[in-house]
Amino acid sequence: MIYFDNAATTLFKPECVIKANDYATRKLSANSGRGSHSASVKAAAVIYEARKAVRDYVGCDEVIFGFNCTDMLNTVIFGTARRGHVVTTVYEHNSILRPLQELKNRGLITFTAVEPDRHGVIDPRDIERAVRSDTYLLAINHVSNVTGAVAPVAQIGAIARRYGILYLVDGAQSVGYMDVNMREIGCDYLCFSPHKGLHGTQGIGCLCVKGNPPLNAFKFGGTGTASNSLEQPTDIPEGFECGTLPVAGAFALIAAINYRKKNAHEVRNLAYLGELMRSELSKITGVRLYGKYNVMPNIACFNIDGMDAAVVGDILNEQYDTAVRCGLHCAPLCHRYLGTLDTGAVRASLSYHNTEREVEFFVKAIAEIAK
Ligand code: PMP
(Lines give C-alpha, C1' and ligand atoms only; values in the text may rest on other atoms or scores of the structure.)
Protein backbone atom coordinates (compact mmCIF):
# COMPACT_ATOMS: atom_id res chain seq x y z
CA MET A 1 0.00 0.00 0.00
CA ILE A 2 1.13 3.54 -0.71
CA TYR A 3 0.41 5.62 2.36
CA PHE A 4 0.02 9.34 1.60
CA ASP A 5 -2.09 10.26 4.63
CA ASN A 6 0.75 11.28 6.91
CA ALA A 7 -0.81 14.60 7.85
CA ALA A 8 -3.54 12.62 9.63
CA THR A 9 -1.06 10.33 11.35
CA THR A 10 2.15 8.64 10.30
CA LEU A 11 1.75 4.91 9.76
CA PHE A 12 5.46 4.19 9.54
CA LYS A 13 7.29 4.27 12.86
CA PRO A 14 11.08 4.00 13.14
CA GLU A 15 12.32 0.78 14.72
CA CYS A 16 13.65 2.68 17.77
CA VAL A 17 10.16 4.12 18.44
CA ILE A 18 8.53 0.69 18.21
CA LYS A 19 11.18 -0.84 20.48
CA ALA A 20 10.88 1.96 23.03
CA ASN A 21 7.09 1.63 23.06
CA ASP A 22 7.26 -2.19 23.44
CA TYR A 23 9.90 -2.04 26.14
CA ALA A 24 8.09 0.62 28.17
CA THR A 25 4.77 -1.24 27.83
CA ARG A 26 6.36 -4.39 29.21
CA LYS A 27 8.76 -2.95 31.79
CA LEU A 28 8.07 0.67 32.68
CA SER A 29 4.34 1.27 32.66
CA ALA A 30 3.65 1.70 36.34
CA ASN A 31 1.71 4.76 37.42
CA SER A 32 4.04 7.73 37.32
CA GLY A 33 3.97 10.03 40.35
CA ARG A 34 1.44 7.88 42.19
CA GLY A 35 3.57 5.88 44.57
CA SER A 36 6.96 5.62 46.21
CA HIS A 37 7.70 2.08 45.05
CA SER A 38 10.52 1.68 42.58
CA ALA A 39 8.30 0.86 39.57
CA SER A 40 6.38 4.13 40.02
CA VAL A 41 9.62 6.06 40.51
CA LYS A 42 10.99 4.57 37.27
CA ALA A 43 7.82 5.57 35.40
CA ALA A 44 8.13 9.09 36.82
CA ALA A 45 11.72 9.22 35.59
CA VAL A 46 10.51 8.40 32.06
CA ILE A 47 8.00 11.25 32.21
CA TYR A 48 10.72 13.57 33.54
CA GLU A 49 13.10 12.62 30.71
CA ALA A 50 10.36 13.00 28.10
CA ARG A 51 9.54 16.50 29.35
CA LYS A 52 13.23 17.36 29.15
CA ALA A 53 13.51 16.00 25.59
CA VAL A 54 10.50 18.06 24.45
CA ARG A 55 11.77 21.18 26.27
CA ASP A 56 15.13 20.94 24.50
CA TYR A 57 13.50 20.20 21.17
CA VAL A 58 11.07 23.15 21.03
CA GLY A 59 12.75 25.59 23.44
CA CYS A 60 10.04 25.81 26.08
CA ASP A 61 10.04 25.93 29.89
CA GLU A 62 7.33 23.40 30.79
CA VAL A 63 5.59 20.47 29.08
CA ILE A 64 2.11 19.22 29.92
CA PHE A 65 1.16 15.80 28.56
CA GLY A 66 -2.34 14.81 27.46
CA PHE A 67 -4.03 12.55 24.86
CA ASN A 68 -3.40 14.40 21.61
CA CYS A 69 -3.13 17.87 20.08
CA THR A 70 -6.91 18.46 20.31
CA ASP A 71 -6.85 17.79 24.04
CA MET A 72 -3.97 20.23 24.50
CA LEU A 73 -5.59 22.96 22.39
CA ASN A 74 -8.77 22.64 24.46
CA THR A 75 -6.66 22.92 27.61
CA VAL A 76 -5.28 26.28 26.44
CA ILE A 77 -8.47 27.70 24.90
CA PHE A 78 -10.66 26.88 27.91
CA GLY A 79 -7.81 27.47 30.37
CA THR A 80 -7.27 31.06 29.18
CA ALA A 81 -10.93 31.88 28.46
CA ARG A 82 -12.26 35.16 29.72
CA ARG A 83 -14.77 37.72 28.49
CA GLY A 84 -13.24 39.23 25.37
CA HIS A 85 -12.09 38.63 21.82
CA VAL A 86 -9.83 36.09 20.10
CA VAL A 87 -8.04 36.48 16.77
CA THR A 88 -7.57 33.33 14.72
CA THR A 89 -7.40 32.42 11.01
CA VAL A 90 -9.57 30.61 8.47
CA TYR A 91 -6.82 27.95 8.27
CA GLU A 92 -7.65 26.64 11.74
CA HIS A 93 -8.54 23.03 12.37
CA ASN A 94 -11.77 22.30 14.25
CA SER A 95 -9.66 21.54 17.31
CA ILE A 96 -9.30 25.33 17.62
CA LEU A 97 -12.51 26.49 15.93
CA ARG A 98 -14.93 24.31 17.87
CA PRO A 99 -13.65 25.27 21.34
CA LEU A 100 -13.81 28.93 20.23
CA GLN A 101 -17.34 28.45 18.89
CA GLU A 102 -18.35 26.78 22.16
CA LEU A 103 -17.05 29.77 24.14
CA LYS A 104 -18.94 32.04 21.76
CA ASN A 105 -22.13 30.01 22.23
CA ARG A 106 -21.73 30.44 25.99
CA GLY A 107 -21.72 34.21 25.41
CA LEU A 108 -18.18 34.61 26.73
CA ILE A 109 -16.16 35.52 23.65
CA THR A 110 -16.30 36.68 20.06
CA PHE A 111 -13.63 35.76 17.56
CA THR A 112 -12.34 36.96 14.22
CA ALA A 113 -10.99 34.44 11.69
CA VAL A 114 -8.53 36.31 9.46
CA GLU A 115 -8.40 35.35 5.77
CA PRO A 116 -5.14 34.98 3.87
CA ASP A 117 -4.12 37.38 1.11
CA ARG A 118 -4.71 36.51 -2.55
CA HIS A 119 -1.60 34.28 -2.52
CA GLY A 120 -3.04 32.17 0.29
CA VAL A 121 -0.60 33.61 2.83
CA ILE A 122 -1.66 35.07 6.19
CA ASP A 123 -0.50 38.69 6.30
CA PRO A 124 0.60 39.69 9.83
CA ARG A 125 -0.81 43.17 9.15
CA ASP A 126 -4.27 41.59 8.83
CA ILE A 127 -3.77 39.89 12.20
CA GLU A 128 -2.82 43.25 13.70
CA ARG A 129 -5.83 44.95 12.08
CA ALA A 130 -8.11 42.33 13.68
CA VAL A 131 -6.78 43.03 17.19
CA ARG A 132 -9.26 44.95 19.37
CA SER A 133 -8.96 46.52 22.77
CA ASP A 134 -10.54 43.39 24.33
CA THR A 135 -8.45 40.83 22.37
CA TYR A 136 -6.74 38.53 24.87
CA LEU A 137 -5.60 35.61 22.68
CA LEU A 138 -4.14 34.92 19.23
CA ALA A 139 -4.72 31.29 18.20
CA ILE A 140 -2.77 30.48 15.04
CA ASN A 141 -2.23 27.31 13.05
CA HIS A 142 1.46 27.10 12.12
CA VAL A 143 0.88 24.92 9.03
CA SER A 144 -2.52 24.37 7.44
CA ASN A 145 -3.48 20.71 7.39
CA VAL A 146 -5.49 21.42 4.22
CA THR A 147 -3.17 23.38 1.91
CA GLY A 148 0.13 23.25 3.83
CA ALA A 149 0.17 27.09 4.05
CA VAL A 150 2.78 28.24 6.57
CA ALA A 151 1.80 31.13 8.86
CA PRO A 152 4.36 33.87 9.67
CA VAL A 153 4.34 32.81 13.30
CA ALA A 154 7.36 34.86 14.45
CA GLN A 155 5.97 38.08 12.98
CA ILE A 156 2.65 37.35 14.64
CA GLY A 157 4.59 36.76 17.88
CA ALA A 158 5.94 40.30 17.67
CA ILE A 159 2.35 41.59 17.43
CA ALA A 160 1.31 39.50 20.46
CA ARG A 161 4.15 41.01 22.48
CA ARG A 162 3.48 44.56 21.30
CA TYR A 163 -0.16 44.37 22.38
CA GLY A 164 0.39 42.18 25.44
CA ILE A 165 -1.85 39.40 24.09
CA LEU A 166 -1.48 35.69 24.86
CA TYR A 167 -0.30 33.65 21.90
CA LEU A 168 -1.14 30.01 21.10
CA VAL A 169 0.43 28.16 18.15
CA ASP A 170 -0.98 24.89 16.81
CA GLY A 171 2.11 22.94 15.76
CA ALA A 172 0.26 19.77 14.72
CA GLN A 173 1.57 19.96 11.15
CA SER A 174 4.88 21.69 11.77
CA VAL A 175 6.64 19.93 14.65
CA GLY A 176 8.84 17.20 13.21
CA TYR A 177 8.70 18.68 9.72
CA MET A 178 10.58 21.91 10.40
CA ASP A 179 12.52 23.50 13.23
CA VAL A 180 9.96 24.85 15.66
CA ASN A 181 11.38 26.94 18.47
CA MET A 182 9.14 28.77 20.90
CA ARG A 183 11.85 31.29 21.71
CA GLU A 184 12.05 32.30 18.05
CA ILE A 185 8.28 32.29 17.56
CA GLY A 186 7.62 34.19 20.77
CA CYS A 187 4.49 32.24 21.67
CA ASP A 188 3.23 31.37 25.15
CA TYR A 189 1.69 27.99 24.27
CA LEU A 190 2.55 25.44 21.57
CA CYS A 191 0.50 22.27 21.09
CA PHE A 192 1.35 19.23 19.00
CA SER A 193 0.85 15.48 18.68
CA PRO A 194 3.95 13.26 18.47
CA HIS A 195 2.02 10.74 16.29
CA LYS A 196 2.32 13.02 13.24
CA GLY A 197 5.62 14.55 12.03
CA LEU A 198 7.72 13.06 14.81
CA HIS A 199 6.58 9.49 14.02
CA GLY A 200 5.85 8.89 17.69
CA THR A 201 2.91 6.87 18.96
CA GLN A 202 -0.77 7.75 19.28
CA GLY A 203 -2.29 8.55 22.66
CA ILE A 204 0.04 11.31 23.81
CA GLY A 205 -0.17 15.06 23.18
CA CYS A 206 2.14 17.90 24.22
CA LEU A 207 1.30 21.36 25.51
CA CYS A 208 4.53 23.37 25.70
CA VAL A 209 4.56 26.50 27.80
CA LYS A 210 7.05 29.36 27.68
CA GLY A 211 7.39 31.79 30.57
CA ASN A 212 4.62 31.94 33.09
CA PRO A 213 1.40 32.66 31.16
CA PRO A 214 -1.98 32.23 32.86
CA LEU A 215 -3.70 28.86 32.65
CA ASN A 216 -6.77 27.74 34.55
CA ALA A 217 -7.70 24.11 34.99
CA PHE A 218 -9.71 22.60 32.17
CA LYS A 219 -9.77 19.03 33.46
CA PHE A 220 -10.19 17.96 37.05
CA GLY A 221 -9.05 14.84 38.86
CA GLY A 222 -6.21 13.02 40.54
CA THR A 223 -2.75 14.44 39.95
CA GLY A 224 -0.79 12.55 42.59
CA THR A 225 -0.08 15.93 44.24
CA ALA A 226 -1.88 17.85 47.05
CA SER A 227 -4.14 14.81 47.42
CA ASN A 228 -5.55 16.02 50.74
CA SER A 229 -7.35 18.85 48.94
CA LEU A 230 -10.59 18.84 46.94
CA GLU A 231 -9.26 21.77 44.92
CA GLN A 232 -7.44 21.18 41.65
CA PRO A 233 -3.72 22.06 42.03
CA THR A 234 -2.70 25.01 39.86
CA ASP A 235 0.96 24.19 39.24
CA ILE A 236 2.21 23.43 35.76
CA PRO A 237 2.56 20.65 34.67
CA GLU A 238 1.08 18.36 37.36
CA GLY A 239 -2.13 20.33 37.97
CA PHE A 240 -3.03 19.94 34.30
CA GLU A 241 -2.36 16.22 33.99
CA CYS A 242 -5.30 14.38 35.51
CA GLY A 243 -5.22 10.61 35.70
CA THR A 244 -2.70 8.06 34.50
CA LEU A 245 -0.09 9.35 32.08
CA PRO A 246 0.97 7.54 28.88
CA VAL A 247 4.37 6.32 30.07
CA ALA A 248 5.03 4.13 27.02
CA GLY A 249 4.08 6.99 24.70
CA ALA A 250 6.44 9.29 26.59
CA PHE A 251 9.30 6.78 26.33
CA ALA A 252 8.60 6.37 22.59
CA LEU A 253 8.56 10.17 22.27
CA ILE A 254 12.11 10.39 23.62
CA ALA A 255 13.17 7.88 20.95
CA ALA A 256 11.24 9.77 18.26
CA ILE A 257 12.90 13.09 19.11
CA ASN A 258 16.37 11.52 19.17
CA TYR A 259 15.65 9.87 15.84
CA ARG A 260 14.51 13.16 14.27
CA LYS A 261 17.61 14.99 15.55
CA LYS A 262 19.93 12.31 14.15
CA ASN A 263 18.20 12.14 10.78
CA ALA A 264 17.91 15.80 9.90
CA HIS A 265 18.88 15.01 6.29
CA GLU A 266 15.48 13.33 5.83
CA VAL A 267 13.85 16.77 6.01
CA ARG A 268 15.70 17.77 2.82
CA ASN A 269 14.72 14.54 1.03
CA LEU A 270 11.11 15.11 1.99
CA ALA A 271 11.21 18.65 0.62
CA TYR A 272 12.57 17.29 -2.67
CA LEU A 273 9.86 14.60 -2.90
CA GLY A 274 7.13 17.06 -2.01
CA GLU A 275 8.28 19.60 -4.62
CA LEU A 276 8.33 16.80 -7.19
CA MET A 277 4.79 15.73 -6.30
CA ARG A 278 3.43 19.27 -6.37
CA SER A 279 5.10 20.27 -9.63
CA GLU A 280 4.07 17.05 -11.44
CA LEU A 281 0.47 17.31 -10.20
CA SER A 282 0.26 20.93 -11.36
CA LYS A 283 1.13 19.84 -14.92
CA ILE A 284 -1.88 17.50 -15.20
CA THR A 285 -4.78 18.96 -17.17
CA GLY A 286 -7.90 19.19 -15.02
CA VAL A 287 -6.01 19.15 -11.70
CA ARG A 288 -6.44 22.22 -9.54
CA LEU A 289 -3.80 22.46 -6.82
CA TYR A 290 -4.58 24.65 -3.79
CA GLY A 291 -1.93 26.72 -2.06
CA LYS A 292 0.96 27.92 -4.15
CA TYR A 293 3.11 30.26 -2.08
CA ASN A 294 4.74 29.61 1.23
CA VAL A 295 3.43 26.06 1.63
CA MET A 296 4.96 22.96 3.17
CA PRO A 297 5.90 20.79 0.19
CA ASN A 298 4.88 17.53 1.86
CA ILE A 299 1.19 18.44 1.54
CA ALA A 300 -0.55 18.60 -1.85
CA CYS A 301 -4.24 19.46 -1.78
CA PHE A 302 -6.16 19.37 -5.03
CA ASN A 303 -9.30 18.56 -6.94
CA ILE A 304 -9.88 17.06 -10.35
CA ASP A 305 -12.34 19.06 -12.44
CA GLY A 306 -15.85 17.63 -12.34
CA MET A 307 -15.07 14.96 -9.75
CA ASP A 308 -16.01 14.76 -6.12
CA ALA A 309 -12.92 14.36 -3.94
CA ALA A 310 -14.43 11.31 -2.22
CA VAL A 311 -14.75 9.52 -5.56
CA VAL A 312 -11.09 10.21 -6.34
CA GLY A 313 -10.16 8.83 -2.91
CA ASP A 314 -12.21 5.67 -3.49
CA ILE A 315 -10.61 5.05 -6.88
CA LEU A 316 -7.13 5.56 -5.42
CA ASN A 317 -7.90 3.15 -2.61
CA GLU A 318 -9.62 0.45 -4.66
CA GLN A 319 -7.69 0.54 -7.94
CA TYR A 320 -4.29 1.88 -6.90
CA ASP A 321 -3.99 0.69 -3.29
CA THR A 322 -3.13 4.24 -2.29
CA ALA A 323 -4.30 6.01 0.87
CA VAL A 324 -5.04 9.75 0.76
CA ARG A 325 -7.45 11.87 2.78
CA CYS A 326 -10.56 13.15 1.01
CA GLY A 327 -13.54 15.27 1.94
CA LEU A 328 -13.46 18.16 4.39
CA HIS A 329 -10.33 18.11 6.51
CA CYS A 330 -11.89 19.22 9.81
CA ALA A 331 -11.30 22.81 8.66
CA PRO A 332 -14.65 24.25 7.52
CA LEU A 333 -13.56 27.90 7.24
CA CYS A 334 -10.63 26.91 5.06
CA HIS A 335 -12.90 24.96 2.70
CA ARG A 336 -15.30 27.88 2.59
CA TYR A 337 -12.37 30.16 1.68
CA LEU A 338 -11.17 27.71 -1.03
CA GLY A 339 -14.72 27.22 -2.35
CA THR A 340 -14.52 23.46 -1.70
CA LEU A 341 -17.24 23.05 0.94
CA ASP A 342 -19.37 21.04 -1.53
CA THR A 343 -16.72 18.95 -3.25
CA GLY A 344 -14.18 18.52 -0.47
CA ALA A 345 -10.58 18.16 -1.59
CA VAL A 346 -8.02 15.40 -2.03
CA ARG A 347 -5.00 15.70 0.26
CA ALA A 348 -1.84 13.70 -0.38
CA SER A 349 0.62 14.12 2.47
CA LEU A 350 4.09 12.62 2.46
CA SER A 351 6.49 11.71 5.16
CA TYR A 352 10.08 10.58 5.46
CA HIS A 353 9.55 6.95 4.48
CA ASN A 354 7.85 7.74 1.15
CA THR A 355 9.88 7.23 -2.01
CA GLU A 356 10.30 8.84 -5.41
CA ARG A 357 8.80 5.72 -7.04
CA GLU A 358 5.67 6.09 -4.93
CA VAL A 359 5.36 9.74 -5.92
CA GLU A 360 5.77 8.84 -9.62
CA PHE A 361 3.17 6.07 -9.32
CA PHE A 362 0.78 8.45 -7.58
CA VAL A 363 1.16 11.23 -10.15
CA LYS A 364 0.56 8.70 -12.95
CA ALA A 365 -2.55 7.43 -11.15
CA ILE A 366 -3.95 10.97 -10.86
CA ALA A 367 -3.21 11.62 -14.54
CA GLU A 368 -5.16 8.44 -15.46
CA ILE A 369 -8.08 9.35 -13.21
CA ALA A 370 -8.16 12.92 -14.59
CA LYS A 371 -8.50 11.53 -18.13
N1 PMP B 1 -4.44 20.81 14.37
C2 PMP B 1 -4.13 20.50 13.11
C3 PMP B 1 -3.64 21.57 12.17
C4 PMP B 1 -4.27 19.18 12.67
O5 PMP B 1 -3.97 18.87 11.42
C6 PMP B 1 -4.73 18.20 13.57
C7 PMP B 1 -4.91 16.75 13.13
N8 PMP B 1 -5.47 16.59 11.88
C9 PMP B 1 -5.02 18.58 14.88
C10 PMP B 1 -4.86 19.89 15.24
C11 PMP B 1 -5.52 17.60 15.89
O12 PMP B 1 -4.54 16.64 16.16
P13 PMP B 1 -4.94 15.32 16.95
O14 PMP B 1 -5.78 14.51 16.01
O15 PMP B 1 -3.65 14.66 17.27
O16 PMP B 1 -5.71 15.73 18.14
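Provided above is the structure to which this section pertains.
Attention in this report is confined to the structure presented alongside it. None of these values were measured; they are calculated from a predicted model. (Residues numbered from 1 in each chain as written. Predicted model: local features only at pLDDT ≥ 70, side-chain atom pairs only at ≥ 80, totals over all residues. Heavy atoms only, no water.)

## Quick word on the environment of Ala130
- Here Ala130 is to be found in helix α5 (residues 124-130).
- According to the relative accessible area criterion, Ala130 is buried, its value standing at 12%.
- Between the C-alpha atoms of Ala130 and Val114, which are 16 residues apart in sequence, the distance is 7.4 Å.
- With residues up to four places along the chain from it excluded, the contact list for Ala130 reads His85, Val87, Thr112, Val114 and Thr135. (Helix = DSSP H or I, 4+ residues; strand = E, 2+ residues; numbered from the N terminus. Buried < 20%, exposed > 50% of the residue type's maximum accessible area, 1.4 Å probe, protein only. Contact = heavy atoms within 4.5 Å.)

## Some details on empty space enclosed by the protein
- Taken as a whole, this structure holds one cavity of 30 Å³ or more when the rule is applied.
- A volume near 40 Å³ is recorded for the largest cavity.
- Taken together, Tyr91, Gly120, Ile122, Asn141, His142, Ser144, Ala149, Val150 and Ala151 form the lining of the largest cavity.
- Class assignment of the residues belonging to the lining of the largest cavity gives a composition of five nonpolar, four polar and no charged. (1 Å grid on protein atoms, 1.4 Å probe; cavity = no way out; pocket = protein on both sides within 12 Å on 5 of 7 lines; lining within 4 Å. Points joined across faces, edges and corners; volume = space filled by probe spheres on them. Nonpolar A, V, L, I, M, F, W, Y, C, P; charged D, E, K, R; others polar.)

## Concerning the packing of aromatic side chains
- On inspection of all chains with the given rule, the structure shows seven aromatic pairs.
- With a centroid separation of 5.2 Å and 20° between ring planes, the pair formed by Phe78 and Phe218 is classed as stacked. Of this pair, Phe78 sits in helix α3 (residues 69-79) while Phe218 sits in the loop between β8 (205-209) and α8 (247-262), and the two are 140 residues apart along the sequence.
- Look at Phe218 and you get partly exposed, because its relative accessible area is 29%.
- Taking the centre distance of 5.8 Å and the plane angle of 25° together, the rings of Tyr177 and Tyr352 count as stacked. With Tyr177 in the loop between β6 (166-170) and α7 (182-185) and Tyr352 in the loop between β12 (346-349) and α12 (356-370), this pair connects stretches of sequence that are 175 residues apart. (Phe/Tyr/Trp six-rings, centres within 6.5 Å; stacked < 30°, edge-to-face > 60°.)

## Side note on the site of the ligand
- Taken together, 13 residues form the shell around the ligand, and within it Thr70, Asp170, Gln173, Ser193 and Lys196 come nearest.
- For the ligand, an oxygen atom lies 3.3 Å from a polar atom in the backbone of Cys69.
- Between the ligand and Asp170, the relevant distance is 2.6 Å, taken from a nitrogen atom to a side-chain nitrogen or oxygen of the residue.
- A total of 390 Å² of accessible area belongs to the ligand in isolation, and the protein chains cover 89% of it.
- Split into classes, the residues belonging to the shell around the ligand amount to two nonpolar, nine polar and two charged. (Near = heavy atom within 4 Å. Polar contact = N/O pair within 3.5 Å; in protein donor to acceptor, adjacent residues only side chain to side chain. Areas by Shrake-Rupley, 256 points an atom, 1.4 Å probe, with all protein chains shown as cover.)

## Focus on the packing of helix α1 (residues 15-27) against α8
- Here α1 crosses α8 at 155°, and the two axes come no closer than 8 Å. Classified by the angle their axes make, α1 and α8 are roughly antiparallel. For the pair α1 and α8, the crossing hand works out as right-handed. Contact residues: Cys16, Val17, Ala20, Asn21, Tyr23, Ala24 and Thr25 in α1; Ala248, Gly249, Phe251, Ala252, Ala255, Ala256 and Tyr259 in α8.
- Along the lines of polarity and charge, the residues of the contact of α1 with α8 split into 11 nonpolar, three polar and no charged. (Axes fitted to C-alpha atoms, helices over the stretch in contact; angles between N-to-C directions. Parallel < 35°, antiparallel > 145°, perpendicular 65-115°, else oblique. Left-handed = near helix turned anticlockwise from the far one by under 90°.)

## Side note on the sheet that holds strand β10 (residues 299-304)
- Strand order in the open sheet formed by three strands is β9-β10-β12, with antiparallel pairing between adjacent strands. Looking at which strands have only one partner, the edges of the open sheet turn out to be β9 (287-290) and β12. Recorded for the sheet is a direction-independent mean angle of 30° between the axes of neighbouring strands.
- For β9 and β10, the ladder comprises four bridges, and the chain directions are antiparallel. Paired with Arg288 across the strands is Asn303, a residue of β10.
- Along the sheet face, α12 touches β9, β10 and β12 and points at about 15° away from the line of β10. (Pairing = 2+ DSSP bridges.)

## Digging into the pairing of strand β3 (residues 84-89)
- Counting buried residues in β3 gives six out of six residues, a clear majority hidden from the surface.
- Pairing analysis gives six bridges linking β3 to strand β4 (residues 109-114), with the strands arranged parallel. The residue bridging Gly84 from the neighbouring strand is Ile109, located in β4.
- Taking the sense of rotation as the criterion, the β-α-β connection linking β3, helix α4 (residues 94-105) and β4 turns out right-handed. (Right-handed = clockwise from strand over helix to strand, strands pointing away.)

## Some points on the pattern of salt bridges
- One pass over the full model with this rule turns up 11 salt bridges.
- With a closest N to O distance of 3.3 Å, Arg347 and Asp5 form a salt bridge. Here the residue Arg347 occupies a position in strand β12, and Asp5 occupies one in the loop between β1 (2-3) and α1, the gap between them amounting to 342 residues. When sorted by exposure, Arg347 lands in the same class as Asp5, which is buried.
- Between Lys219 and Asp71 there is a salt bridge, with its nearest N and O atoms 3.1 Å apart. Here Lys219 is found in the loop between β8 and α8, whereas its partner Asp71 is found in helix α3, with 148 residues between them in sequence. (Salt bridge = Lys/Arg side-chain N within 4 Å of Asp/Glu carboxyl O.)

## Some details on α8
- When the terminal C-alpha atoms of α8 are compared, their 23 Å separation across 16 residues agrees well with the 22 Å that a helix rising 1.5 Å per residue should span.
- For α8, the secondary structure elements touched by its buried residues are α1, α2 (38-58), β2 (62-66), β8 and α9 (265-282). (Expected span 1.5 Å × (residues − 1).)

## Topic: the side chain of Thr88
- Along the chain, the position of Thr88 falls in strand β3.
- At a separation of 2.8 Å, a polar atom in the side chain of Thr88 contacts the main-chain carbonyl oxygen of Ala139.
- For Thr88, the residues in contact, after removing those within four places along its chain, are Ile96, Leu97, Leu100, Phe111, Thr112, Ala113, Val114, Ala139 and Ile140.

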